[in-house]
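Descriptive analysis of the structure
The lines below spell out each chain.
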Amino acid sequence: MKAIKVYKFGDPQVLQIEDVVTLVPEAGEVVVDVKAAGVNPVDAYIRSGNYPVSVNFPYTPGIDGAGIIKAVGENVKKFAAGDRIYFSGCQSGAYAQEAKCLSSQVFFLPENISFEQGAAVGIPYSTAYRALFTKARAVDQEIIFIHGASGGVGVATLQLAKMANIKIIGSAGSERGLSLVKEQGADHVVNHNQPGYMKEVARILNGQGVDIVVEMLANVNLDADLNIIAKNGRIVVVGCRGEAVIHPRLAMVQDATILGMAVMNASLEERIKIFSSLAEGLKTNKLNPVIGKSFSLPDAALAHEAILAPGAYGKIVLIP
Ligand code: NAP
């Protein structure tokens, strides 16, 4: 079978396709015939060597994917060969024709959700769920600003907020992204690349503050977020690519909270709860991942360039 291998940290060109031996599940594991793999920004951070995780070279990148169960190891009762599934977390790496996962990393994929969409669920929807409900404790009728709503996590946050009856302001940085955010049900959209757009957010809020901000680029936006936060508001830092200067007094006067959130910190128990909470939404298409671009497996380097480029439109996937 074919898999992407990385022998050293570096630019996207270190992603090389190779023939490797077919996988055999150990006890408690399944082997998946991968139909699509999700490309997450963290895959690119790890590949470049700028992320605090240890890897054993050569490694195959990729955390999320979807496909059909090919074989199950001893003690796996929940799944059988032929089952349609998606996974989040992977022992062998998702950028391959086959992937080996713990059975606890695997979830049934409803018929109405394509494999490409299945590969877009794992990190984005669990991140969005954890930001919205575990950290921000969002409730009905609150107002959220999804600061970066056009990408994988942004669209997931939007759909989950919509299901929870939360009022949504979403930002994007391109015309196409703005249309997507509007189509996905945001009540208002703003362009985060337009000078003065936070004044537009304040105008929309009409003197009210925003209860929740889910922030995709905290190093750029955190101080601006503090300027629009409501009393007892919560800002969840999901994405951050550098340092920020903030005025903590803005948080003080509003009794506001800045919450860090890394989805990798979710316990097994928490993950089970999160993924079972997504099941009904996926079955009814209320949660309906948007695929913006797909690349074939040998073009993994192009996918890594695309995931860090501006102009996000839902999710990027690789087809093995
Ligand atoms: P993505 O699909 O590449 O989307 C990136 C998003 O950031 C797009 O909506 C993009 O909008 C937006 N953005 C760009 N410039 C912005 C700005 N100045 N202000 C606000 N938003 C801006 O990536 P993703 O998978 O959605 O992930 C989003 C971020 O969260 C990444 O930094 C990722 O590393 C991080 N993340 C964190 C966790 C966690 O556990 N904390 C989990 C998953 C992802 P345009 O392209 O339209 O400009």
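The structure under discussion appears in the preceding block.
Residues numbered from 1 in each chain as written. Predicted model: local features only at pLDDT ≥ 70, side-chain atom pairs only at ≥ 80, totals over all residues. Heavy atoms only, no water.

Our next topic: the site of the ligand. Neighbouring the ligand are 28 residues; Tyr45, Ser150, His192, Met261 and Val263 lie closest to it. The separation between an oxygen atom of the ligand and a polar main-chain atom of Gly152 is 2.9 Å. Here a nitrogen atom of the ligand and a backbone polar atom of Val238 are 2.9 Å apart. Considered on its own, the ligand offers 920 Å² of accessible surface; in the complex 87% of this is hidden by protein. Looking at the shell around the ligand, its residues break down into 15 nonpolar, 12 polar and 1 charged. (Near = heavy atom within 4 Å. Polar contact = N/O pair within 3.5 Å; in protein donor to acceptor, adjacent residues only side chain to side chain. Areas by Shrake-Rupley, 256 points an atom, 1.4 Å probe, with all protein chains shown as cover. Nonpolar A, V, L, I, M, F, W, Y, C, P; charged D, E, K, R; others polar.)

Turning our eyes to something else, we now look at the pattern of salt bridges. Applying the stated rule across the entire model yields 8 salt bridges. For Arg130, the salt bridge identified is with Glu270, shortest N-O distance 2.7 Å. Of this pair, Arg130 sits in helix α3 (residues 122–135) while Glu270 sits in helix α9 (residues 268–283); the two residues are 140 residues apart in sequence, bridging distant segments of the chain. Classification of Arg130 as buried rests on a relative accessible area of 7%. Using a relative accessible area of 19% as the deciding quantity, one classes Glu270 as buried. Arg234 is the salt-bridge partner of Glu142, the closest N and O atoms lying 2.8 Å from each other. On the criterion of sequence distance, the pair formed by Glu142 in the loop between α3 and β8 (143–147) and Arg234 in strand β12 (residues 229–237) is long-range, its members being 92 residues apart. One exposure class covers both Glu142 and Arg234, and it is buried. (Salt bridge = Lys/Arg side-chain N within 4 Å of Asp/Glu carboxyl O. Helix = DSSP H or I, 4+ residues; strand = E, 2+ residues; numbered from the N terminus. Buried < 20%, exposed > 50% of the residue type's maximum accessible area, 1.4 Å probe, protein only.)

Of all hydrophobic cores here, the largest spans 77 residues; its most connected members are Tyr86, Phe87, Tyr95, Val106, Ile144, Leu278 and Leu318. Those residues in contact with Val106 that sit more than four places away from it in its chain are Val30, Ile69, Phe79, Ile85, Tyr86, Phe87 and Cys101. Counting 20 residues, the second largest nonpolar core, distinct from the first, contains Tyr197, Leu205, Ile235 and Ala251. (Core = buried A, V, L, I, M, F, W, Y, C linked by side-chain atoms within 4.5 Å. Contact = heavy atoms within 4.5 Å.)

So, on to the pairing of strand β14 (residues 291–296). Sheet analysis places β14 next to strand β15 (residues 315–319), joined by 5 bridges and oriented parallel. Considered in β15, the bridge of Lys293 is made with Ile316. (Pairing = 2+ DSSP bridges.)

One pass over the full model with this rule turns up 8 aromatic pairs. A ring pair is formed by Phe57 and Tyr59, whose centres lie 6.1 Å apart and whose planes are at 50°; its orientation type is tilted. Following the ring pairs from residue to residue traces out a cluster consisting of Phe9, Phe57 and Tyr59. Lying over the aromatic face of Phe115, Arg84 brings its terminal NZ or CZ to 4.6 Å of the ring centre. In this arrangement the basic side chain of Arg176 is found over the ring face of Tyr313, its NZ or CZ atom lying 3.9 Å from the centre. (Phe/Tyr/Trp six-rings, centres within 6.5 Å; stacked < 30°, edge-to-face > 60°. Lys NZ or Arg CZ within 6 Å of the ring centre and 35° of its normal.)

Across the sheet, which stays open at both edges, the 6 strands sit in the order β10-β9-β8-β11-β12-β13 with parallel pairing between neighbours. Looking at which strands have only one partner, the edges of the open sheet turn out to be β10 (188–191) and β13 (257–260). Each neighbouring strand pair of the sheet contributes to a mean axis angle of 15°, computed without reference to strand direction. Here β12 runs beside β13; their pairing, made up of 4 bridges, is parallel. Pairing of Val237 across the sheet is with Gly260, part of β13. (Axes fitted to C-alpha atoms, helices over the stretch in contact; angles between N-to-C directions.)

Of all 5 residues in strand β6 (residues 98–102), 4 are buried, a share of seventy percent or more. As paired elements, strand β3 (residues 29–39) and β6 share 5 bridges and run antiparallel to each other. Residue pairing for β6: Asp33 is matched across the bridge by Glu98.

Here α9 spans 23 Å end to end across 16 residues, near enough to the 22 Å set by a 1.5 Å rise per residue. Those residues of α9 lying buried are Glu270, Ile274, Phe275, Leu278, Gly281 and Leu282. All buried residues of α9 fall inside an arc of 120° around its axis, so they share one side. The outward face of α9, more than 90 degrees from its buried face, is lined by the exposed residues Glu269, Lys273 and Lys283. Summarising the contacts, the buried residues of α9 are in contact with β5 (84–88), β7 (106–108), α3 and α4 (152–163). (Expected span 1.5 Å × (residues − 1). Arc of directions from axis to C-beta.)

What helix α6 (residues 197–205) keeps buried is the set Tyr197, Met198, Val201, Ile204 and Leu205. Taken around the axis of α6, the buried residues stretch over an arc of 110°, which confines them to a single face. Opposite its buried face, α6 presents the exposed residues Lys199 and Arg203, each directed more than 90 degrees away. Remark: Asn206 follows α6 within two positions and exhibits a positive phi of approximately 50°.

This paragraph deals with the side chain of Glu98. Within the secondary structure, Glu98 is located in strand β6. A polar atom in the side chain of Glu98 sits 2.8 Å from the side chain of Thr22. If sequence neighbours within four positions are ignored, Glu98 has contacts with Met1, Thr22, Leu23, Val31, Val32, Val34, Lys70, Ser92 and Gly93.

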